[in-house]
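Descriptive structure summary
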Amino acid sequence: MGKLLFLNACFTDDSRTKVLADAVLKKWDGEIEEVILNDGSIKALTKEQLDKRMQLQESGDFSDDMFKYAKQFVDADVVVIAAPYWDMSFPAALKNYIEQMNVSGITFDMNGEGVITTKCKADRMVYITTAGTNNADFTYGMDYMKSLARDFFGIKKFNTFKAEGLDVEGADVDAIISETLAKIEKFSFVTKTVNEGEEDYIVESKELTKMYGNYAANNKVSLHVRKGSIYGLIGRNGAGKSTFMRLLLGMTPINEGEISVFGKTGNEMAKVRNRIGFIIENPTFYNYMSAYQNLKYRADLIGLKNPDAAIKEALQKVGLLDKMKNKVKGFSLGQKQLLGIANAILGNPELLVLDEPTNGLDPIKIVEIRNMLLDMNANGTTILISSHILGEMGKLCSCYGFILDGKLIREVTEEEVESEALDVEEFFVEMAKGGQDA
Ligand code: ATP
């Protein structure tokens, strides 16, 4: 399983945070390297200490522990961080430290080797913490850790385990801890690997064909979306991406071939429709109904058990909770799009089908929605997404399907894209050129 780097900022070995951390670490089969952070080394890095470290770096004396630590961070396969929520100095000091060490950017020099890396090797960060209730500091700390993981190191999978409400007077501490331990029990570091021939596909099409007159908008498309993946469907305007999604959702009839979703095909597909959230092209709503009422309509349609909580959760995730009573007719283009996303994620579906979901969103919202999708995926949601913003797709997707003039010309994993030393945009441009030459 490789190496896990455990950044331990728990204050004692029997602290509540440490109990949770131990439960997570038990799940790891490989090597564990522990770095103790609560001895004042990182937490209390003063300007003087940072200056000293910078001098050490300049003088070429790399014996300092902190340099070792910086290298470990980049070398680990998984990073687990445990810190009590009120230790707010931790995320800030960690970021400060990493910046000072010049790991960001990301270039840093170790033992004169001139190690240059653009990406942390780890693909998952797990953050374990005890938390207050609606504690602004905690949210800040968690967001900080997330942005560190995702924006700094390009780590896509970010899991949090927080024992929430411990500082509330009269809190049942044991119950809160056991609840969190129960969540950890379900967690696995391993995304299920599948042997060839036993693929676990949520969506699979075989020679799927859709004709509009004489034109094949989908031409013998054989596409595979693996459980737990984020699959990016990429193609030029009119290539057939929305058509594929419509066929998947049963919105338009198939001419030839087959598509299965959760193993169901044909009329049977209707049975699994409630497990799919989607946004196809521009979402449409009842303009004279409020955001809440529009979502309530879908909640009833799919038979959600606790619609009120689910609607508020979805609106909160996209940042529209304060507008829940407003009529949709007063919404801006971007707000309508966000409502469309809220509609898609309502009730945390197992599969999300998103056709250009970030259309019309501002740059901050694009990042927020990306992080929300990564969170949902880390918690088990499989995602099929199309977008023309390929930089964005690169930050999200674990595999891609390239579609050209109705034909799926290639399916690749992100590792395959990277192994050709290209980013997804360059990869697509190369392939589109090849398609035109052919
Ligand atoms: P974009 O990136 O522009 O959204 P797309 O890849 O989603 O494009 P589709 O919407 O799937 O493309 O369209 C594929 C082709 O099928 C296009 O040539 C389009 O004109 C055609 N098409 C789609 N829907 C219909 C329809 N209802 N009737 C006739 N032709 C259609």
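Just above, that's the structure.
Note on numbering: residues in each chain are counted from 1, in written sequence order. pLDDT decides what is reported in this predicted model: residues at 70 or higher carry local features, side-chain atom pairs at 80 or more are listed and counted, and totals for whole chains, interfaces and linings draw on all residues regardless. Side-chain metrics rest on all non-hydrogen atoms present in the structure, leaving aside hydrogens and water.

Side note on the pairing of strand β7 (residues 215–221)
As a reminder, the rule being used: Following DSSP output, two strands are said to pair if at least two bridges run between them. Only DSSP runs of H or I with at least four residues qualify as helices, and only runs of E with at least two residues qualify as strands; both kinds are numbered from the N terminus onward.
Note: strand β6 (residues 201–212) against β7, four bridges, orientation antiparallel. Following the sheet pairing, L208 is matched in β7 by V221. The loop that links β6 with its antiparallel partner β7 comprises two residues; one of these, G213, has a positive phi angle of about 60 degrees.

Digging into the site of the ligand
Under the convention used in this document: Summary of the distance rule: residues count as near a molecule or strand when at least one heavy atom falls within 4 Å of that molecule or strand. Under this definition, polar contacts are N or O atom pairs within 3.5 Å; protein pairs additionally need one hydrogen-donor-capable and one acceptor-capable atom, and for neighbouring residues in sequence, both atoms have to be side-chain atoms. Only the protein chains shown count as cover for residues, with accessible areas throughout obtained via the Shrake-Rupley method and a probe of 1.4 Å. Each residue gets one of three labels, nonpolar for Ala, Val, Leu, Ile, Met, Phe, Trp, Tyr, Cys and Pro, charged for Asp, Glu, Lys and Arg, and polar for the others, Gly among them.
Around the ligand, a shell composed of 14 residues is seen, among which G238, K241, S242, T243 and H388 lie nearest. Take G238: an N or O atom from its main chain is 2.8 Å from an oxygen atom of the ligand. T243 is positioned with one of its side-chain polar atoms (N or O) 2.5 Å from an oxygen atom of the ligand. Coverage of the ligand by the protein amounts to 60% of the 640 Å² it exposes when considered alone. Within the residue set of the shell around the ligand, elements represented by two or more residues are β7 and α7 (241–248). Here the element with the most residues in the shell around the ligand is α7; it accounts for three residues. Tallied by class, the residues present in the shell around the ligand amount to four nonpolar, six polar and four charged.

Side note on the packing of helix α8 (residues 291–301) against helix α9 (residues 307–318)
For clarity, the threshold we go by: Lines fitted to C-alpha atoms define the axes, with helix axes restricted to the stretch in contact, and inter-axis angles between N-to-C directions lie between 0 and 180 degrees. The cut-offs work like this: below 35 degrees is roughly parallel, past 145 is roughly antiparallel, 65 to 115 is roughly perpendicular, and the gaps in between are oblique. Note on convention: the crossing is left-handed when the near helix lies turned anticlockwise from the far helix by less than a right angle, right-handed when the turn is clockwise. When checking whether two residues touch, look at their non-hydrogen atoms; a contact exists if any pair is within 4.5 Å.
Between α8 and α9, whose axes approach to 10 Å, the crossing angle comes to 125 degrees. By the angle between their directions, the pair α8 and α9 is classed as oblique. Helix-helix and strand crossings are classified by hand; for α8 and α9 the assignment is right-handed. In this structure, α8 contributes A291, Y292, L295, K296 and A299 to the contact, and α9 contributes P307, D308, I311, K312 and L315.

With respect to empty space enclosed by the protein
Summary: where empty space remains is shown by rolling a probe the size of a single water molecule over the atoms. Selection criterion: In the cavity and pocket records, a cavity denotes points on a 1 Å grid over the protein atoms alone where a 1.4 Å probe fits but cannot get out, a pocket denotes an open set with protein on both sides within 12 Å along at least 5 of 7 lines, and lining residues are residues with an atom within 4 Å of a point. Grid points are joined across faces, edges and corners, and a volume is the space filled by probe spheres set on the points.
Summed over all chains, the structure comprises one cavity of 30 Å³ or more. Reported here for the largest cavity is a volume of approximately 70 Å³. Taken together, P357, T358, I366, I369, R370, L373, I385, S387, E392, M393 and L396 form the lining of the largest cavity. Where the lining of the largest cavity is concerned, the elements lending two or more residues are α11 (363–378) and α12 (390–396). With four residues, the top contributor of residues to the lining of the largest cavity is α11. In terms of residue class, the lining of the largest cavity is built from seven nonpolar, two polar and two charged.

With respect to the nonpolar core
To keep it simple, the criterion reads: By nonpolar core we mean a set of buried residues, namely Ala, Val, Leu, Ile, Met, Phe, Trp, Tyr and Cys, connected to one another through side-chain atoms within 4.5 Å. Working definition: with a 1.4 Å probe on protein chains only, accessible area under 20% of the residue-type maximum means buried, over 50% means exposed, and in between means partly exposed.
Counting residues in hydrophobic clusters, the biggest one holds 49 residues, and the most contacted among them are L315, V318, L339, L373, I385, Y400 and F402. Setting aside residues up to four positions removed in sequence, L373 forms contacts with L352, L354, I383, I385 and L396. Among the nonpolar cores identified, the runner-up in size contains 27 residues, and L208, V221, A239 and F262 belong to it.

Points about the sheet that holds strand β14 (residues 382–386)
Reading across the sheet, the six strands line up as β12-β13-β14-β9-β15-β16 and stay open at both edges, with mixed pairing between neighbours. Of all the strands in the sheet, the pair left with one neighbour each is β12 (276–279) and β16 (407–413). For this sheet, the mean angle separating the axes of adjacent strands, direction not counted, is 15 degrees. Where strand β15 (residues 399–404) lies against β16, six bridges are found, and the strand directions are antiparallel. Residue pairing for β16: G401 is matched across the bridge by E411. Along the sheet face, helix α10 (residues 333–345) touches β12 and β13 (351–355) and points at about 165 degrees away from the line of β12.

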